[in-house]
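So you can see what is in the structure, the chains are spelled out below.
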Amino acid sequence: MDKWSIPFKEGCLEVRRKGDSLEVRGGNFTIELRPRVISVDGSTGISIEGIYGSRRKVIYIRYEGIKTLDHCNEKIEEVDLGDYIVKSTYLFTGSYITIITPGYLLVDYVVITDDSAAVVVQGKRSTYFEESGRRVTIYVV
């Protein structure tokens, strides 16, 4: 298992690679991307919306503000794993993380902000989700 620290807000989030899955973790939030499955710990709600004029849809996952990690290794702005790319961006509007995903995941990309994540998929894909407490699992077929 490989892991990196990526800057987010004043601290960092941890990026872990395990086989063909990727995990981004904060103090109260974890998102794991696996082929056809996305799991989020710390969720407070979920909604799915089409993008007007596009052939894509967005799965919005809401959560309380991400708590960054106290201990960070050397922070890296962009982690390029060949099939996944995880990039940290800071603008005057705040911090966010962009995850470019491989084709076998059936997800185009993921954007993580302080209080929500947007998972963009092709509009023709069927999506199902199950919620259990503060954990949501999304299936893409």
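These numbers come from a predicted model, not from an experiment.

Each value, and the rule that gives it
Residues numbered from 1 in each chain as written. Predicted model: local features only at pLDDT ≥ 70, side-chain atom pairs only at ≥ 80, totals over all residues. Heavy atoms only, no water. Helix = DSSP H or I, 4+ residues; strand = E, 2+ residues; numbered from the N terminus. Rg over C-alpha atoms; globule rule 2.2 N^0.38 Å. Buried < 20%, exposed > 50% of the residue type's maximum accessible area, 1.4 Å probe, protein only. Pairing = 2+ DSSP bridges. Axes fitted to C-alpha atoms, helices over the stretch in contact; angles between N-to-C directions. Phe/Tyr/Trp six-rings, centres within 6.5 Å; stacked < 30°, edge-to-face > 60°.

What about the overall build of the protein?
A count of helical and extended segments in the protein gives zero helices and 14 strands. Shown N-terminal to C-terminal, the secondary structure of the protein runs as helices and strands in the order β-β-β-β-β-β-β-β-β-β-β-β-β-β. In summary, the protein has a C-alpha radius of gyration of 14 Å against a globular reference of 14 Å for 141 residues, a match within 12%. Referenced to the eigenvectors of the C-alpha coordinate spread, the extents of the protein come out at roughly 40 × 30 × 30 Å. Among the 141 residues that make up the protein, the fraction classed as buried is 44%.

Regarding the sheet that holds strand β13 (residues 127–132)
Across the sheet, seven strands lie side by side as β1-β2-β3-β4-β5-β14-β13; this open sheet has antiparallel pairing. Across the chains shown, the open sheet's two edge strands, defined by having one partner strand only, are β1 (2–8) and β13. Geometrically, the sheet is characterised by an average inter-axis angle of 15 degrees between neighbouring strands, direction not taken into account.

Re the packing of aromatic side chains
Summed over all chains, the structure comprises one aromatic pair. An angle of 40 degrees between the planes, with centres 4.4 Å apart, marks the rings of Phe29 and Tyr63 as tilted. Taken together, the residues span a long stretch of sequence, with Phe29 in the loop between β3 (21–25) and β4 (30–34) and Tyr63 in strand β7 (residues 56–63) at a distance of 34 residues. Phe29 gets classed as buried once you look at its relative accessible area, which sits at 1%. The exposure class of Tyr63 is buried, given its relative accessible area of 4%.

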